[in-house]
Structure formats: C-alpha cells, structure tokens
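Here's the letter readout for the chains.
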Amino acid sequence: MATQHTMAVLGPGGTGGLLAALLSRSGHRVICLARNGTADTLRRTGITVSSAQFGEFTAPVEADTRLREPVDACLIAVKHTALDAALTRIPPDALGDALVVPLLNGVEHPAALRTRYRPDRVAPAVIRVESTRVAPGLIEHGSPFTEIDLTGDGVPHARLDALAAVLATAGTTARVVEDETAALWAKMAFLAPFALLTTRYGLPLGEARTRHRDELQALVAETTAVSRACGAPADPAQALARYDAFPPGARSSMQRDAEAGRPLELDAIGGALLRAAERHGVPVPVTARLVRELRDAGR
C-alpha cells in the first residue's frame, strides 16, 4: 500500500479543489483551509469533480479555517489578490517541516513567502489547467490536461521529487524543474500578454490576436525582453505561435475575473512585469499603457 501523506490545500477553488479531490481519491489525507461557510460545506459533502480527463467523482476531505497541525505539504491555490488575508490561515509554527507550494500567477510571491516561512521549504509551482469552482465543493475541470512544474531554489531535491511523485500518482503530469526563475518567467512571458490584451479589450483570444495583432506582437517582444533580462530564456516567435495555436474562444483568467466583477491580479502580472522592466532598464511602452488603461478603468 502506498504511503499516505497529509496535504493541506489553502483555497479549495477551481485549481485547489481539483487537486484536493485528486489527492483524496488517491488515498491521501487532505485538509482544505477556507472560510467558515466553505469549510462547513466541504466537511459535509466533500468535493465533487466533473472532468473529461478524470471523470465524475466525489472525494471526502477534511476542512478547517486554520491549519492546526503539521502536514507534509501545503498547496496555496488562492488568487494573488487574496494571498495576504489567506496566509493568516497558515501559522508558520503549525506547518512543521512542510513544503509550502504556491500555485500563483506572477513572479514576486516566492520572495514574499520566504520572509514568512522557511526559505528552504518554499517550493513554487507552475500549473497549467482550466478548472472552475461553480459552487463550494463543486468543480468543473475543462482542460484535457493538468500539468504541474515544481521548482524551488534551495529546496532539497528529494523533497521535490517525492511531492512530484505524489501529484503524479494522483493523476496530474508533474515534474521537477531545476531553474526556478526560468519556470516562473516561462509562465509569466505567456500569461502577461494574453491577460492584458484580452482583459483590456474584453475579447476572446481569437479576436484579440487578429484585431490587435500589432499590440500582441509588441507585448510579446516586451515581455520576452524582460524575461531574458531576468535570466530566463524566452523566444518571441515561439510565444506567438502558441497564441495562434490556442482555441479562438480562449479567455484569460484575468478577463473572466473582470467580467465577473472580481478583483484583478493586475499588479501581480502587469505590475510585476513593469517593476522588473524598470529594474533592468528594459523599455515596455505598450505594456505600461495597457496596465495604465486597466487601472484607469477601475480594474
């Protein structure tokens, strides 16, 4: 029988809820950390997943408003806009020797987390998945893939390998990536142009990449230049090819948040990109304009 691990999930929404259910289904003990109402629901009903990749299933989970015991790993799956408030649910002294695994957009959160938790236990991850919480404990997983890159400068490699194995056994495609900067910027370099352009114009990717082609190309050029300046390789031609290969109806998570009237991760994505550009002296006029226009629009 495989070893049972105790896993905490902060933010059992679309991404966190999917991972919590998969981990529970594969035999691990899962503690979801959430607000009172959500925690009560999860304790009663567990998490139900509807997925083309994994089928339909319901998995039991424990739930609490605060971590009260050591765990093997704590997955942080809240939005960046809710991070500071959510971290009060994870007191540093309750974690034990746990890995802290943020699954957030952006590139600045690992440094912030390392000021709060053991630096050699903060293991940032990049996840590629489309998954939505339609109600507490109800998850719709839309993408035919769930891919996770684990990294962490200074984190013992054996710990990363062990967590990747747990996540892979649960059904994801999980791997360990050696270069933390490269892993985070690889996602940022793709996400920033996609998020900023689709949100600014309120268009799905197919229309945005056609009607605003010049801006997309400029955003890609600026973002890849900043990525390279930060020490992460990036290829603008390859990035454009990925956008062109995406389904035309694809919308960014920032665009969906804007349409739903939720706070945007504008600072974590656009703001972080502008700050990195300023540090390295990289001109990013199109990025700066789109971020300014979104801010001026009250985003």
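Preceding block: the structure.
Residues numbered from 1 in each chain as written. Predicted model: local features only at pLDDT ≥ 70, side-chain atom pairs only at ≥ 80, totals over all residues. Heavy atoms only, no water.

S.K.: Before we move on, can you summarise the pairing of strand β4 (residues 55-59) with the specific residues and values?
M.R.: Pairing geometry for strand β3 (residues 47-51) and β4, over 5 bridges, is antiparallel. Directly across from S51, in β4, lies its bridge partner G55. Here β3 hands over to β4 after 3 residues, the two strands then running antiparallel side by side. (Pairing = 2+ DSSP bridges. Helix = DSSP H or I, 4+ residues; strand = E, 2+ residues; numbered from the N terminus.)

S.K.: Hey, could you go over the environment of R242 for me, with residue numbers and the actual values?
M.R.: Following the sequence through the fold, R242 ends up in helix α9 (residues 236-245). For R242 and F194, which are 48 residues apart along the polypeptide, the C-alpha to C-alpha distance reads 11 Å.

S.K.: Lay out the sheet that holds strand β10 (residues 138-141) in plain terms, naming residues and giving numbers.
M.R.: Within the open sheet, the 4 strands sit side by side as β4-β3-β10-β9. Their pairing is mixed. Of all strands in the sheet, those bounded by a partner on one side alone are β4 and β9 (131-135). With direction set aside, neighbouring strand axes in the sheet form an average angle of 20 degrees. Against the sheet, helix α1 (residues 14-25) touches β3, β4, β9 and β10, its axis set at about 80 degrees to β4. (Axes fitted to C-alpha atoms, helices over the stretch in contact; angles between N-to-C directions. Contact = heavy atoms within 4.5 Å.)

None of this, on its own, says anything about what the molecule does.
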